[in-house]
Amino acid sequence: MIKFNSVRFKISVLYTAILGLILVVYSAFLYLSLHHTLYDELDNELNVKASETAGTISSYLDELGYDQEFFIFAVRRVICLEGEHPEQDKIRDLEELWLRMVDKFDLKEDHVNFLDSKGQSIVCSGKGFIPFNIKAAQEDKTLFKSIRYEKRNLRLISLPVSFKGGGHYMIQIATSLKPVIHLLQIRLLHIVISIPIILLLASFFGRLFAKRILNPVVEITKTASNITHEDLNARVKAEHVDEEMKYLVDAFNDMISRLEESFKYIAEFSSHVAHELKTPLAIIKGETEVVMRKERNIEEYKKLNKANLEEVERMLKIINDLLLLTRLDYRPEVFKLERFDLVEFLKDIYEQSKGLVSQKDIAVTLDMPDDQCDINGERFHLRRLFFNLIDNAIKFTPKNGKIGITLKKKDKKSIVSISDTGIGILDEDKSKIFDRFYRVDIMDKKIEHGSGLGLSIVQSIVKMHHGTIHVTSQLNKGSTFIVTIPFL
Ligand code: ADP
């Protein structure tokens, strides 16, 4: 069934309409040029006939002499093939030649008139005189005209002639247009029949072609309707399709692949979150069950409460970190950036971090440029960023180590480095430590593990400031986290 609203239908209609228009214009051009050629040929033939008639009359007069009586005789003899002359022998050869000409040009079938300059018929052939308005014919110019006479279509030539004896005359020859009109009618009939047939075939094959071209779209639709979040394996096959369709199919398949990745990521992420929250809950449940087995003294209840509170705080921190990550990644517009001097800002952080390192005898150094360094940033989150890096540096640096805070300006960017002389990071872990919940397996049991969200938050805050972060590290020698933030 034809669906009028389908792309296939519209393409085939458009294609057929354009082809139809081209065919009509082209056929009209061919028809008109054929019309022109046939009339041109006929006019040439008429011209030859009229000229030959005049030429033969002239040759007769050359032989017989220029007398009015001979003139009328010559005209009648040539046009009507009538009359006899006493010196008939003189023109015998000429006559034979003329009779052959008459047969060749089929002159007996034409209306041949010989008129004086006023349009009065002097002699006319057996086919009869055509009363053609002489005024319409310019007397000194050859004129061609299509006329209708006695229900017949004729082509007429009006050729002005003059002879040595003097006087201006006119030879008019009218020949039937029937063969020309017949030929043109046949051609017109061919056109009228062939155009609809061609268009029907074109629209049929056009529809087939459009169907073939649009097949991938049908495939995509089928695949898309079969895809669910549980089954993202389906892909559209892109064999034997046109280039543009291949792009569409590839883009669709890529989109499905990305969706599959995202679903996989969400599934992994959810299981990480569940796992992270399950551990403290299991601890709270286990410890509470043990304490509840028998009557305890107040000190033991206080101890249980304290332990439970620590686990609840751990859970709260994870939930708050996750909420923050969601806000940073999906609602960056809620953060109001302001202009401030990064040098002063880092000096403050440096002062506060001195208090954090005191227990581990770690030295913190600060290296700042002399002039100020203005950036467009969000103080609260930048503090969080640098303290996360400094906390990690303290956590993964043994006693008596060193932590450096450096600020440099380069190419309209401020580059802050937080370096330490800690345990370092393996090359294979460098790209993963920014992933959510990723923690490196560390042998040193004294180092307390976090939730693995710290560096993800750092990366999101850097992105929010249109900056970049990367890490350089050497195992057991230390690591440097380099944060680049563009100026205003
Ligand atoms: P966490 O909150 O558990 O510390 P992070 O996302 O901050 O998680 O860090 C991820 C992992 O990167 C850590 O488990 C640690 O192994 C590694 N890491 C981060 N900072 C350093 C550092 N300064 N030195 C060595 N390893 C580090």
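Remember, predicted model here, so these are calculated numbers, not experimental data.

A.B. asks: Which residues make up the site of the ligand, and what values do they have?
C.D. replies: Asn392, Asp420, Val440, Gly452 and Leu455 are the nearest of the 19 residues found near the ligand. At a separation of 3.0 Å, a nitrogen atom of the ligand approaches a polar side-chain atom of Asp420. Contact between the ligand and Val440: an oxygen atom at 3.3 Å from a main-chain N or O atom of the residue. Expressed as a share of its isolated accessible area of 540 Å², the protein-covered part of the ligand is 96%. Here the ligand occupies the largest pocket. Among the elements that take part in the shell around the ligand, helix α8 (residues 379–395) stands out by supplying three residues, more than any other. Residues that form the shell around the ligand fall into these classes: nine nonpolar, seven polar and three charged.

A.B. asks: Now, about the environment of His240: what can you tell me, with residues and values included?
C.D. replies: Locating His240 in the fold gives a position in the loop between α4 (178–226) and α5 (243–292). Here His240 falls in the exposed class, since its relative accessible area comes to 75%. Between the C-alpha atom of His240 and that of Ala282, which follows or precedes it by 42 residues, the distance is 57 Å.

A.B. asks: Give me the lowdown on the packing of α4 against α5, citing residues and values where you can.
C.D. replies: Orientation of α4 relative to α5, taken along the N-to-C sense of each, is 10°, at an axis distance of 10 Å. The angle between the axes of α4 and α5 places the two elements in the roughly parallel class. Mapping the contact onto sequence places Ile213, Leu214, Pro216, Val217, Ile220, Thr223 and Ala224 in α4 and Met245, Leu248, Val249 and Phe252 in α5. Among the residues making up the contact of α4 with α5, the classes are represented as ten nonpolar, one polar and no charged.

A.B. asks: Talk me through the layout of surface pockets; I want residue IDs and the actual numbers.
C.D. replies: Leftover empty space is mapped by rolling, across the atoms, a probe with the size of a water molecule. Taken as a whole, the largest pocket encloses approximately 1,200 Å³ of empty space. Taken together, 40 residues line the largest pocket, and the ones lying closest to its centre are Asn392, Lys395, Phe396, His449 and Gly450. Residue assignment for the lining of the largest pocket shows that the elements contributing at least two residues are α6 (298–330), α8, α10 (454–464) and β12 (478–486). It is α8 that contributes the most residues to the lining of the largest pocket, seven residues altogether. Structurally, the lining of the largest pocket is a two-domain feature, drawing no fewer than three residues from each of domain 2 (243–330) and domain 3 (335–486).

A.B. asks: Break down the nonpolar core for me, citing the residues and quoting the values.
C.D. replies: With 49 residues, the main nonpolar core has Leu342, Leu346, Leu382, Leu385, Phe386 and Phe481 as its most contacted residues. Looking at this core, the elements with two or more residues in it are α6, α7 (342–357), α8, β9 (402–410), β10 (413–420), α10, β11 (468–474) and β12. In terms of residue count, α8 provides more of this core than any other element does, eight residues in total. Two domains each donate at least three residues to this core, and these are domain 2 (243–330) and domain 3 (335–486). Within the second largest apolar cluster, 30 residues are counted, among which are Leu46, Ala74, Trp98 and Val123.

A.B. asks: Now, about the sheet that holds strand β7 (residues 363–367): what can you tell me, with residues and values included?
C.D. replies: Spatially, five strands are ordered β7-β9-β10-β12-β11 in an open sheet, and the strand pairing comes out mixed. Whereas interior strands pair on both sides, the edge strands pair on one side only; in this sheet they are β7 and β11. Within the sheet, the average angular offset between the axes of one strand and its neighbour, ignoring direction, is 15°. Two elements, β7 and β9, share five bridges in a ladder whose sense is parallel. Counterpart to Thr365 in the pairing with β9 is Gly404. α8 rests against β9, β10 and β12 of the sheet, and its axis sits at about 25° to β10. Packed on one face of the sheet, α10 meets β11 and β12 and runs near 140° to β11.

A.B. asks: Please give an account of unusual backbone geometry that cites residues and values.
C.D. replies: For Asp106, which is not a glycine, the phi torsion comes out positive at approximately 55°. Looking at the element boundaries, Asp106 is found in the loop between α3 (92–105) and β1 (111–116). Exposure remark for Asp106: the relative accessible area of 47% places this residue in the partly exposed category. For His466, which is not glycine, the phi torsion reads 55° and is therefore positive. Note on placement: His466 falls in the loop between α10 and β11.

The rules behind each value
Residues numbered from 1 in each chain as written. Predicted model: local features only at pLDDT ≥ 70, side-chain atom pairs only at ≥ 80, totals over all residues. Heavy atoms only, no water. Near = heavy atom within 4 Å. Polar contact = N/O pair within 3.5 Å; in protein donor to acceptor, adjacent residues only side chain to side chain. Areas by Shrake-Rupley, 256 points an atom, 1.4 Å probe, with all protein chains shown as cover. 1 Å grid on protein atoms, 1.4 Å probe; cavity = no way out; pocket = protein on both sides within 12 Å on 5 of 7 lines; lining within 4 Å. Sits in = over half its atoms within 2 Å of the grid points. Helix = DSSP H or I, 4+ residues; strand = E, 2+ residues; numbered from the N terminus. Nonpolar A, V, L, I, M, F, W, Y, C, P; charged D, E, K, R; others polar. Buried < 20%, exposed > 50% of the residue type's maximum accessible area, 1.4 Å probe, protein only. Axes fitted to C-alpha atoms, helices over the stretch in contact; angles between N-to-C directions. Parallel < 35°, antiparallel > 145°, perpendicular 65-115°, else oblique. Contact = heavy atoms within 4.5 Å. Points joined across faces, edges and corners; volume = space filled by probe spheres on them. Domains from an automatic or database assignment. Core = buried A, V, L, I, M, F, W, Y, C linked by side-chain atoms within 4.5 Å. Pairing = 2+ DSSP bridges.

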